[in-house]
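Coordinate inspection notes
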Amino acid sequence: MCGIVGIIGHNDISAELLKMLHGLEYRGYDSSGIAVNFNGDFQVYKKAGPLSVLRQEIEGITLQGTSGIGHTRWATHGAPTDNNAHPFLSLNSSVTVVHNGIIENYKVLRKTLLEKGYVMASETDSEVIAHLIELFVDNNPNWTFRDLVVYLSDTLEGAYALLIQFADKPNEIYGLRFECPLAYVQTANTVAISSDIASLIGYDRNINILRDGQAVHITLDNEELINFDSTEVDRLHVSVDWDVKAAEKSGYDYFLRKEIDEQSDSVRALKRTLIDKAEKITAFIKDTNPDTVIFIACGSASYSGVFASVFARHAELKQTVSWEIGSEFRYNPPIINEKTLVIGMSQSGETADTVTALRYAKSKGAKVISIINVVGSTISMIGDLTINLSAGPEVAVPSTKAVINQFISAVFLIEVLRNQEQDFLTQWLLTVDELATVIGKIIEQEEVIKNYAKQLAGHQNMFIVGRGLDYSISLEGALKLKETAYIHAEAMYAGEFKHGSISLIEYGMPVLILLGDESVAAKTIINAEEVATRGGQLFIIDSLAGENFDFSCEVNYIKIPPIKKPFNLISQIVVLQLLAYHAGLHRNINVDKPRNLAKSVTVE
Ligand code: F6R
């Protein structure tokens, strides 16, 4: 949450900072701001609202200076106002700071500063950092980079990625990372530093990633990287093969729609990654020889774990496979030991709830596989083994292509637990191509889906119903409709309806029925008819081979071309994505940036 950027070496500095922030806006869009250092004076512009408001504010103003820092905010402490927007200036304007994370002891720090005569211009936890640095420098005129880092890491409690500039050091940026991501590139004439590699690849694909507890001091021709605790520095470089165009709209109105279209390619990319890595994964699982497997994740990323836990039963695995929500895991203490394999699933690789849960599991002796989409992310570094989802950059806040790849990789791991023959696994992975083809065919039915979405958009409440493996798909569909179309969609086990929730059914209420798990389809249909009898309006998504099922009532029917289990079930997600997308458009929602959300949730 919140995106921070910094750049040195550009004449058109404000344009460059805005460009970088544009690539990070999905991390938060409550406010944005920039500070440019011109000959020792900071020019600060910050506005509540999305980046477009800041863009308008500085239109026509030529900012001089060749370095600066910027911020896009997801509000935690303090409402989304101009005053609470970053960057923050210190009292005497000698320091500017942008911060991602939460300073947990800010109240104490604030009180101390107020007592010393400092004045707070905002209600945020972050502003104290700028004043503290100024105070530190005033008290320690001969300070060094290391002194500053030791001071800040000793003083600040919580999570932070920080960028700091000093008025009298125009072409230098200081960055600190503690439990929030930070990475940088250094080319012949540019230094760029950011929360996210997506805004760096336009400058260079060879990215330097700060590990937790590291700090960097960079200029155009120098760079010093240190650990907070003065231990030997373990550098991390990654080379990112993401296409720069993949992070652009390329003619689409919304990233969300573009990313839905990209899914055929992204599942093929994952297939290649898994084929390349199959032997390593197999060896790791053989070595671990787990008797318990736990998927840990949050939101959409968690549903692949729900799916895998049911799929494991169909596969008659000897291990117990379960799933847990990251934010709950530590507080409902699970039994974990060296025979526990934990699978952390995360698109961003930065979700704080998942990070803490995985660290907890590791501290109890579990082996961890991290499945992430962002190389060099925090979760990628926690894993004893890391698998890249290979979905390419995902910009829209509602996750699509990463989710599909999460389902595929979760099921793949179940297959590895069941059968470690390399030929079998390669053959299994080759069938992923069929899913890629079917995704394209589902998208060809967009006009029909769009029409159904229009009907859904007229309702505030709906159910998505499935049994068995379909239930995890209904969870994902419900979340997509909630976040993208603001429709209160509830996932429901078909058999559970009659135990209470069916009382909510009234004339015209939409109920979406998933028919992907053949072992329970006949029973689901009976439950669907019970809903229709009470006035519910049925929408059927049928991914089973054969003719359409016969219903004794009128239904809206979407038939997915036949494809092998479990890919037929996974393909249903694409229909749900398109329904959510079009329902959101009908409701005039900015589907790329739904209200109150951020893509990378780095606070607990
Ligand atoms: C929904 C969505 C979220 C994420 C969740 C976890 O579309 O994107 O529910 O799945 O916040 O995020 P990651 O996968 O980055 O850990």
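Quick note: structure is the one above.
Residues numbered from 1 in each chain as written. Predicted model: local features only at pLDDT ≥ 70, side-chain atom pairs only at ≥ 80, totals over all residues. Heavy atoms only, no water.

Taken in spatial order, the five strands line up as E21-E20-E22-E23-E24 in an open sheet, and their pairing is parallel. Strand pairing shows two members of the sheet lacking a second neighbour, strand E21 (488–493) and strand E24 (555–559), which therefore form its edges. Sheet twist, expressed as the average angle between the axes of neighbouring strands with direction ignored, equals 20 degrees. Taken strand by strand, helix H16 (residues 469–485) contacts strand E20 (461–466), E21 and strand E22 (510–515), and its axis lies near 175 degrees from that of E21. (Pairing = 2+ DSSP bridges. Helix = DSSP H or I, 4+ residues; strand = E, 2+ residues; numbered from the N terminus. Axes fitted to C-alpha atoms, helices over the stretch in contact; angles between N-to-C directions. Contact = heavy atoms within 4.5 Å.)

Surveying the vicinity of the ligand reveals 15 residues, the closest of which are Ser346, Gln347, Ser348, Thr351 and Glu483. Within the backbone of Ser399, a nitrogen or oxygen atom sits 2.8 Å from an oxygen atom of the ligand. One nitrogen or oxygen atom from the side chain of Lys480 is found 2.9 Å from an oxygen atom belonging to the ligand. Of all elements in the fold, only helix H8 (300–314) and H16 reach the threshold of two or more residues within the shell around the ligand. Looking at the shell around the ligand element by element, the count peaks at three residues for H16. Of the residues belonging to the shell around the ligand, the class tally is five nonpolar, eight polar and two charged. No fewer than three residues from each of domain 2 (250–438) and domain 3 (445–592) sit in the shell around the ligand. (Near = heavy atom within 4 Å. Polar contact = N/O pair within 3.5 Å; in protein donor to acceptor, adjacent residues only side chain to side chain. Nonpolar A, V, L, I, M, F, W, Y, C, P; charged D, E, K, R; others polar. Domains from an automatic or database assignment.)

For the structure on display, the rule yields 23 salt bridges. Put simply, Asp265 and Arg268 hold a salt bridge, and the shortest N to O gap is 3.6 Å. A residue pair is termed a helical-turn pair when its members lie 3 or 4 positions apart in one helix, as Asp265 and Arg268 do in helix H7 (residues 263–288) at three residues. Owing to a relative accessible area of 27%, Arg268 belongs among the partly exposed residues under this scheme. One network of salt bridges, with partners in common, ties together Arg177, Glu179, Asp212 and Arg359. (Salt bridge = Lys/Arg side-chain N within 4 Å of Asp/Glu carboxyl O. Buried < 20%, exposed > 50% of the residue type's maximum accessible area, 1.4 Å probe, protein only.)

Spatially, the five strands line up as an open sheet ordered E16-E15-E17-E18-E19, and their pairing is parallel. The open sheet is flanked by strand E16 (320–325) and strand E19 (385–388), the only strands paired with a single partner. Each neighbouring strand pair of the sheet contributes to a mean axis angle of 20 degrees, computed without reference to strand direction. In terms of strand pairing, strand E18 (residues 367–372) meets E19 through four bridges, oriented parallel. What sits directly across from Ile372, in E19, is Asn388. Across the face of the sheet, H7 comes into contact with strand E17 (340–346), E18 and E19 while running at roughly 160 degrees to E19.

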